[in-house]
Amino acid sequence: RTCPSCTPSSVGADQPIRASAELRGETQDLIRGLKYRNQRKVVADLADRLVDSILADPHAPAFEVVTWAPTSMVRRRQRGYDQSELLAKAVAGRLGLRCRRLLYRDRSAPQTGRNRQERLNGPVFRARPLRRPYRVLVIDDVVTTGSTLRAAAHALELSGASEVCLLAVAATPRERSTDSRVA
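It should be emphasised that the depicted structure is a prediction, and the values quoted were computed from it without experimental measurement.

Procedures and definitions
- Residues numbered from 1 in each chain as written.
- Predicted model: local features only at pLDDT ≥ 70, side-chain atom pairs only at ≥ 80, totals over all residues.
- Heavy atoms only, no water.
- Salt bridge = Lys/Arg side-chain N within 4 Å of Asp/Glu carboxyl O.
- Helix = DSSP H or I, 4+ residues; strand = E, 2+ residues; numbered from the N terminus.
- Buried < 20%, exposed > 50% of the residue type's maximum accessible area, 1.4 Å probe, protein only.
- pLDDT = per-residue confidence, 0-100.
- Contact = heavy atoms within 4.5 Å.
- Axes fitted to C-alpha atoms, helices over the stretch in contact; angles between N-to-C directions.
- Parallel < 35°, antiparallel > 145°, perpendicular 65-115°, else oblique.
- Left-handed = near helix turned anticlockwise from the far one by under 90°.

Draft legend 1. Spatial organisation of the pattern of salt bridges. One pass over the full model with this rule turns up ten salt bridges. The partner of Lys35 in a salt bridge is Asp141, and the shortest N-O contact between them spans 3.2 Å. A residue pair is termed long-range when its members are at least 10 positions apart, and Lys35 in helix α1 (residues 25-36) and Asp141 in strand β6 (residues 135-143) qualify at 106 residues. Of the two residues examined, Lys35 and Asp141, each falls in the buried class.

Draft legend 2. A look at the confidence of the model for the chain. Overall, the predicted model of the chain reaches an average pLDDT of 85, with 78% of residues at or above 70. Taken as a whole, residues 1-5 scores under 50 in pLDDT and shows five contacts with residues more than four places along the chain or in a different chain. Low pLDDT (under 50) marks residues 176-180, which in the prediction has 15 contacts with non-local residues, meaning those over four places away or in another chain.

Draft legend 3. How the structure looks around the packing of α1 against helix α2 (residues 43-55). Interaxial distance between α1 and α2 falls to 10 Å at its minimum, and their mutual angle equals 130°. On the basis of the axis angle, α1 is oblique to α2. Two packed elements cross with a definite hand, and for α1 against α2 that hand is left-handed. Contacts between α1 and α2 involve Glu26, Thr27, Leu30, Ile31 and Leu34 from the former and Val43, Asp45, Leu46 and Arg49 from the latter.

Draft legend 4. Inspection of the environment of Leu158 at higher detail. Residue position: Leu158 is located in helix α6 (residues 147-158). You can call Leu158 exposed: its relative accessible area is 60%. Sequence separation of Leu158 and Ala127 is 31 residues, and the distance between their C-alpha atoms is 7.8 Å.

See below:
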């Protein structure tokens, strides 16, 4: 059963998501290299972009912990790593913060290749109970509809997070109906 506040249409509908760039050109090439060609060396460049967008935001909260929206187990096994985890660890290191795995993904299918409606009914996360109400920064590589990051935020809020900020490296271009804002 799903609680009424956890239905896909209601989860974090007003939760803002920031992205450091649109998914085009060099940014798209770097992300594709990381996700599909095992080019982990690009993590440093992508993490720098994320940190730059955080530092450029005068309204960014003082985060206490960084985490990531985990990819599906299928994708993790195929790649041998979770690209969002690599990005989160690099961002945390640059900001001098702890990076902790706070989210666990259900056994849902990967979002890649799914249409918009299927993506809106995206993954379900459960979050590790927090010892105190942390301000959490959640990192992901790409935001399309925002359902993955909003589901992550919802799980963290239920676990006791005081504030959740959602940040992706890139957002799909506006003409592809993204609900995110490029920083």
